[in-house]
Amino acid sequence: IRLGAWEHGPNRARDYEGVSFGNDAVVYDYDVSVLRWFDRFLKGIPNGIDQEPRASYYVVGENQWRTSADWTPAEATVSSFYLSSGGRANSGHGDGQLLAAPEEHSPEDTYVYNPHDPMNDSGEREPENLRKYELRNDILVYTSDILTEELTVAGELSAVIYAASTGKDTDWVVTLSDVNGQGDSIRLSNYIVRAKYRHGLEAPELLIPGQVEKYDIFMPNIAHRFAVGHRIRFSVTSSSKFVAFPNTN
């Protein structure tokens, strides 16, 4: 398993969309390692590659490669973060908080989704700055306190949200981003799910308007170091028009 800081397609560049990943972001013997893998597992040649660490991943922000016996990294500690607010988490100027421990009481957050005015971010897995989109009131934004220590996150992520809609269907778009000292919100991982497929693609079921449902949402792999002075941000909204046609609900 090799996880690099690359666009769609492996080992292509040292930077992307104005973000530099450092000179070591490319693997100079990448093709050799691929051939060694095929030699071992297709031709049965005992070249030792199966004795090397199973996972190799590049930590963006630290700009170094790490290895592990497995992916998600075997040495990783699973940590949870929790959403909280005073009931006005709308936009980056709202009161949404991302906490290391759940609060006993926290009111619900609501927003009005208009399919005629969807979110028009790129929707791709690129380090896009989401700052201007987070000014919208139809996005819920939850931000951590300023970090006083570095935090490295590596592995498969997931988001669990409990949500209701007044419509018979809707989409949920969840995003993890890194907020720097200038307020830029750089996307790290995001995903979109259609509510009617909450029980699986083989079992579509429309919503009962107003009924709270649990959504366990996969989020793509990352390996990223949050620097001191930065903040962690999680957001929820209902559209990303360049990924999925806006849901009419």
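Model, not experiment: these values are computed from the prediction.

### Focus: the nonpolar core
Note on soluble globular proteins: their nonpolar side chains tend to be buried together.
Thinking step 1. If you look at the biggest cluster of nonpolar residues, it comprises 27 residues, and the most contacted ones within it are W172, Y215, I217, F234 and V236.
Thinking step 2. Every residue in contact with F234, bar those within four places of it in the chain, is listed here: L83, L98, L140, V141, Y142, A159, V174, T175 and M219.
Thinking step 3. Grouped together as the second largest cluster of nonpolar side chains are 7 residues, Y57, V59, W71 and A223 included.

### Quick look at the pairing of strand β13 (residues 231-237)
Thinking step 1. Counting buried positions over the 7 residues of β13 gives 6, a clear majority of the element.
Thinking step 2. Inspection of the sheet shows strand β8 (residues 140-143) paired to β13 by 4 bridges, in the antiparallel sense. Looking at the pairing, L140 lines up with V236 of β13.
Thinking step 3. Looking at chain direction, strand β10 (residues 171-179) and β13 are connected through 7 bridges and run antiparallel. Directly across from V174, in β13, lies its bridge partner V236.

### Digging into unusual backbone geometry
Thinking step 1. In this chain, W71 is followed by T72 through a cis amide linkage whose omega measures 0 degrees.
Thinking step 2. Within the secondary structure layout, T72 lies in the loop between β5 (64-68) and β6 (82-84).
Thinking step 3. Phi at S91 is positive, roughly 75 degrees, even though this residue is not glycine.
Thinking step 4. Looking at the element boundaries, S91 is found in the loop between β6 and β7 (97-99).
Thinking step 5. Backbone geometry at N249 places phi at a positive 60 degrees, although glycine is not the residue there.
Thinking step 6. For N249, the location among the structural elements is in the segment after β13.

### As for the environment of S158
Thinking step 1. Tracing the chain through its elements places S158 in strand β9 (residues 151-163).
Thinking step 2. In this structure S158 comes out as exposed when scored by relative accessible area, which is 52%.
Thinking step 3. As for S158 and R125, which are separated by 33 residues in sequence, their C-alpha atoms are 15 Å apart.
Thinking step 4. Ignoring anything within four residues of it in the chain, the contact list for S158 reads D216, I217 and M219.

### Description of the sheet that holds strand β4 (residues 55-59)
Thinking step 1. An order of β1-β4-β5 is seen for the 3 strands of this open sheet, with the pairing classed as mixed. Only two strands of the sheet have a single neighbouring strand rather than two, namely β1 (2-3) and β5.
Thinking step 2. Sheet analysis places β1 next to β4, joined by 2 bridges and oriented parallel. Pairing of R2 across the sheet is with S56, part of β4.

### Quick notes on the side chain of T143
Thinking step 1. Within the secondary structure, T143 is located in strand β8.
Thinking step 2. What makes T143 buried here is its relative accessible area of 12%.
Thinking step 3. Not counting chain neighbours up to four residues away, the residues in contact with T143 comprise G96, Q97, L98, R231, I232 and R233.

Quick notes on the rules
- Residues numbered from 1 in each chain as written.
- Predicted model: local features only at pLDDT ≥ 70, side-chain atom pairs only at ≥ 80, totals over all residues.
- Heavy atoms only, no water.
- Core = buried A, V, L, I, M, F, W, Y, C linked by side-chain atoms within 4.5 Å.
- Buried < 20%, exposed > 50% of the residue type's maximum accessible area, 1.4 Å probe, protein only.
- Contact = heavy atoms within 4.5 Å.
- Helix = DSSP H or I, 4+ residues; strand = E, 2+ residues; numbered from the N terminus.
- Pairing = 2+ DSSP bridges.

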